[in-house]
Amino acid sequence: MNEMAYLVNDIIRHFDIEFETSPYGNGHINDTYITGCKPRYILQRINSNVFKNPPAVMENIAKVCDFLREKIKAEGGDPDRETLTLMRTVEGKDYHKENEQDYFRVYKFIEDSISLDTPENTDQFYNAALAFGKFQRLLSDFPASELHETIKDFHHTPKRFEALEAAIEADVCGRRASVEKEIEFARAHKDMCSLIINGIEDGSIPLRVTHNDTKLNNVMLDAETGKGLCVIDLDTVMPGSLLYDFGDAIRAGANTAAEDEKDLDLVGLNVDMFEAFARGFCEELGESFTEREIELLATSAIILTFECGIRFLTDYLSGDTYFKIHRPEHNLDRARDQFKLVYDMEQKLDEMNAIVRKVLGR
Ligand code: ADP
Ligand code: GN1
Ligand code: MG
């Protein structure tokens, strides 16, 4: 057993849970473990390099979960399965602080559910869209001013671009020369960065309480029915644009290949998946869309994919300090994959816009 495994098995005692744990899931950010026997739990070490203020993250999550619990009850749902349940420590807290950088939390494991990195069929993606849409609808009257900004300027794409330029300039690992083509691609797309932010600033795109990290493996689907069950990974729930949630979900789930596929010929937009997600998301939220949101819905998939691509490239140039990697050029492979997806969506934008109009009945 390595040092971390010992630490985790010790930490779990603060939550009065005595089972062995093993690493779990495919998240890029936190360290996630599952306990061995039923009832099972998810133990996470919050990534304090990414989340500079873990207590603020936990305050957000506790409030959001309490709020959702009441809403789900009122709608006749089962809050124990349809929202995350935080376990308290023996000291009565929502998290355990081991030392300055190691913060741990425990959730009830949602049994009889699945989370997928890629949808196997359009029904699953449609169901995920309903779940993410419902999540946002249920939070539509959440007091947004009570939420901490857990990562500053998380989806401020122009600032993400500035961070890329700074990483190119600093070139701390001497990797710049090997990514000139990717830098050129990024610079040629700089103009698209400000489209959503401009809309927020001029009021044509309202701020809502959004999830901000809507990749498919952040929603649990019911193992038996395949229906969307519970939206998880609530670390980045903050005021934002619904375009962030739509665009990022398409980026992650409507790619014909994995996010880190090296064979770029396999990477592109699956238009049927795009339509399935658009249908579900619009069913839940379409009535509340503004004109500008509708205009930018399809384009948001390109912007969010581009943003993620430049984040991966920035991390590659900076020495892989943010996203977990499992091979030396992992972040570079991810960046190339995202840029290829951007390129393919640009070719298909008219078709994507036509689908948006069709599902909205316009
Ligand atoms: P990260 O921030 O690193 O992405 P997540 O909170 O998304 O971490 O958790 C990683 C994975 O663990 C999820 O994709 C999901 O498969 C699984 N998971 C997390 N919480 C639960 C839960 N309460 N029940 C079942 N599975 C969970
Ligand atoms: C991270 O935590 P996870 O794996 O669900 C990242 C997202 C990226 C995504 C790319 C807090 O999501 O913003 O879009 O990786 N989360 C954070 O796969 O940075
Ligand atoms: Mg996650």
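In this numbering scheme, every chain counts its residues from 1 along its sequence in written order. Whichever chain is written first becomes A and whichever ligand is written first becomes 1, with later ones labelled in order. Given that this is a predicted model, residues contribute local features only at a pLDDT of at least 70 and side-chain atom pairs are listed and counted only at 80 or more, while totals for whole chains, interfaces and linings are drawn from all residues. As a rule here, side-chain values come from all non-hydrogen atoms in the structure, and water together with hydrogens is ignored.

Explain the sheet that holds strand β8 (residues 219-222) residue by residue, including any values.
Here a strand pair is declared whenever DSSP counts at least two bridges between the two strands. The way it works is that DSSP assigns letters per residue, a run of H or I at least four long becomes a helix, a run of E at least two long becomes a strand, and they are numbered from the N terminus. If you walk across this open sheet you meet the 3 strands as β6-β8-β9, and the pairing is antiparallel. The sheet is open, and its two borders are formed by β6 (113-114) and β9 (228-231), each paired with just one other strand. By the bridge criterion, 3 bridges tie β8 to β9 in an arrangement that is antiparallel. Counted as the bridge partner of V219 is V231 from β9.

Tell me about the site of ligand 1, and name the residues and values.
Residues in close proximity to ligand 1 total 19 residues, the closest being N30, Q44, I110, S115 and N217. Under the rule applied, a polar contact is a pair of N or O atoms within 3.5 Å (in protein, one hydrogen donor and one hydrogen acceptor; residues adjacent in sequence only if both atoms are side-chain atoms). The side chain of Q44 places a nitrogen or oxygen atom 2.9 Å from an oxygen atom of ligand 1. A distance of 3.0 Å separates an oxygen atom of ligand 1 from a polar atom in the side chain of D233. Only the protein chains shown count as cover for residues, and the accessible areas themselves come from Shrake-Rupley with a 1.4 Å probe. Across the complex, the protein chains shield 97% of the 540 Å² of accessible surface that ligand 1 would expose by itself. For the shell around ligand 1, the secondary structure elements donating two or more residues are β3 (41-46) and β5 (103-108). Here the limits of each domain have been adopted from an automatic or database domain assignment. Here the shell around ligand 1 spans two domains, since at least three of its residues come from each of domain 1 (2-111) and domain 2 (122-360). One heavy atom suffices: a residue is near a molecule or strand as soon as one of its heavy atoms comes within 4 Å of it.

Give me the lowdown on the domain arrangement of the protein, citing residues and values where you can.
As far as domains go, the protein holds domain 1 (2-111) and domain 2 (122-360). For domain 1 versus domain 2, the separation of C-alpha centres amounts to 25 Å. Every residue pair with non-hydrogen atoms within 4.5 Å of one another is taken to be in contact. Between domain 1 and domain 2, the residue contacts involve 29 residues of the former and 32 residues of the latter. In this description, buried area is defined as the sum, over both parts, of the accessible area (probe of 1.4 Å) that is lost when the two are combined. Taken together, the two surfaces of domain 1 and domain 2 that pack against each other cover about 2700 Å², and 59% of this comes from carbon and sulfur. Three residues stand out in domain 1 for area buried against domain 2, namely H28, N60 and V64, and they jointly supply 24% of the buried area on that side. Whenever Lys or Arg places a side-chain nitrogen within 4 Å of a carboxyl oxygen from Asp or Glu, that contact is recorded as a salt bridge. Between E146 and K63 there is a salt bridge whose closest N-O contact spans 3.5 Å. Taken together, the links from domain 1 to domain 2 amount to 12 residue pairs in polar contact (both at pLDDT 80 or more). Listed by contribution, the elements that provide at least two residues to the side of domain 1 that touches domain 2 are α2 (54-74) and α3 (79-82).

Would you mind going over the packing of helix α5 (residues 157-170) against helix α6 (residues 180-188) in detail, with residue names and values included?
The geometry of a pair of packed helices is captured by two quantities: the angle between their axes and the separation between those axes. Here an axis means a line fitted to C-alpha atoms, over the contact stretch when the element is a helix, while the angle between two N-to-C directions is reported on a 0 to 180 degree scale. Direction vectors running N to C along α5 and α6 enclose 150°, while the axes themselves pass 12 Å from each other. In terms of orientation, α5 lies roughly antiparallel with respect to α6. Note that α5 runs across α6; the crossing there is left-handed. Across from F161, L164, E165 and I168 in α5, the residues of α6 making contact are I183, A186 and R187. Should an angle lie under 35 degrees it is considered roughly parallel, over 145 roughly antiparallel, and from 65 to 115 roughly perpendicular; all remaining angles are considered oblique. Each crossing is labelled by how the near helix is turned from the far one, with a counterclockwise turn of less than a right angle marking it left-handed and a clockwise turn marking it right-handed.

Give me the lowdown on the coordination of the magnesium ion (ligand 3), citing residues and values where you can.
Octahedral six-donor coordination of a metal ideally yields angles of 90 or 180 degrees, compared with 109.5 degrees for tetrahedral four-donor coordination. Looking at the magnesium ion (ligand 3), one finds its protein donor set to be N218 (OD1) and D233 (OD), positioned 2.1 to 2.2 Å from the metal centre. Placement of N218 in the loop between β7 (208-210) and β8 and of D233 in the loop between β9 and β10 (238-240) is noted, with a sequence separation of 15 residues between them. Under the relative-accessibility criterion, N218 is labelled buried at 5%. Each residue is assigned to one of three classes by its accessible area relative to the maximum for its type, calculated with a 1.4 Å probe on protein chains only: buried under 20%, partly exposed between the two thresholds, exposed over 50%. D233 gets classed as partly exposed once you look at its relative accessible area, which sits at 25%. Note that water is not among the atoms used; donors are N, O and S atoms within 2.8 Å of the metal (3.2 Å for Na, K and Ca), so sites may look incomplete.

Got a sec to walk through the side chain of D31? Specific residues and values, please.
Along the polypeptide, D31 turns up in strand β2 (residues 31-35). A polar side-chain atom of D31 sits 2.9 Å from a polar atom in the side chain of K324. Ignoring sequence-local partners within four residues, the contact set of D31 consists of L43, Q44, R45 and K324.

With reference to specific residues and values, describe the packing of aromatic side chains.
By convention, a stacked pair of Phe, Tyr or Trp rings (six-membered ring in the case of Trp) has centres within 6.5 Å and planes under 30 degrees apart, an edge-to-face pair has planes over 60 apart, and any other such pair is tilted. Taken as a whole and assessed by the stated rule, the structure comprises 12 aromatic pairs. Ring plane angle 75° and centroid distance 5.0 Å describe the contact between F67 and F142, whose orientation is recorded as edge-to-face. Here the residue F67 occupies a position in helix α2, and F142 occupies one in the loop between α4 (122-138) and α5, the gap between them amounting to 75 residues. Pairing F246 with F281 gives two aromatic rings, centres 5.5 Å apart and planes at 50°, and the pair type is tilted. Pair noted here: F246 is in helix α8 (residues 242-253) and F281 is in helix α9 (residues 271-285), with a separation of 35 residues, a long-range link. The exposure classification of F246 matches that of F281, with both residues buried. Three or more aromatic residues joined by ring pairs form one cluster here, namely F125, F246, F274, F277 and F281.

Could you give an account of the pairing of β5, with specific residues and numbers?
With 5 of its 6 residues buried, β5 lies for the most part within the structure. Relative to β5, strand β4 (residues 96-97) is paired through 2 bridges, and the arrangement is antiparallel. In the sheet register, K97 faces β5, and the bridge partner there is Y103.

Help me get a handle on the site of ligand 2, residues and values and all.
Lining the immediate surroundings of ligand 2 are 19 residues, of which H28, K215, E259, R311 and Y322 lie closest. Between ligand 2 and K215, the relevant distance is 2.7 Å, taken from an oxygen atom to a side-chain nitrogen or oxygen of the residue. One nitrogen or oxygen atom from the side chain of E259 is found 2.5 Å from an oxygen atom belonging to ligand 2. In isolation ligand 2 offers 440 Å² of accessible surface; the protein chains occlude 97% of this area. Broken down by element, the shell around ligand 2 gets its largest block of residues, 3 residues, from helix α10 (residues 291-317). By residue class, the composition of the shell around ligand 2 is 8 nonpolar, 4 polar and 7 charged. Of the residues that make up the shell around ligand 2, three or more belong to each of domain 1 (2-111) and domain 2 (122-360). Charged residues are taken to be Asp, Glu, Lys and Arg, nonpolar residues to be Ala, Val, Leu, Ile, Met, Phe, Trp, Tyr, Cys and Pro, and polar residues to be all remaining types, Gly included.

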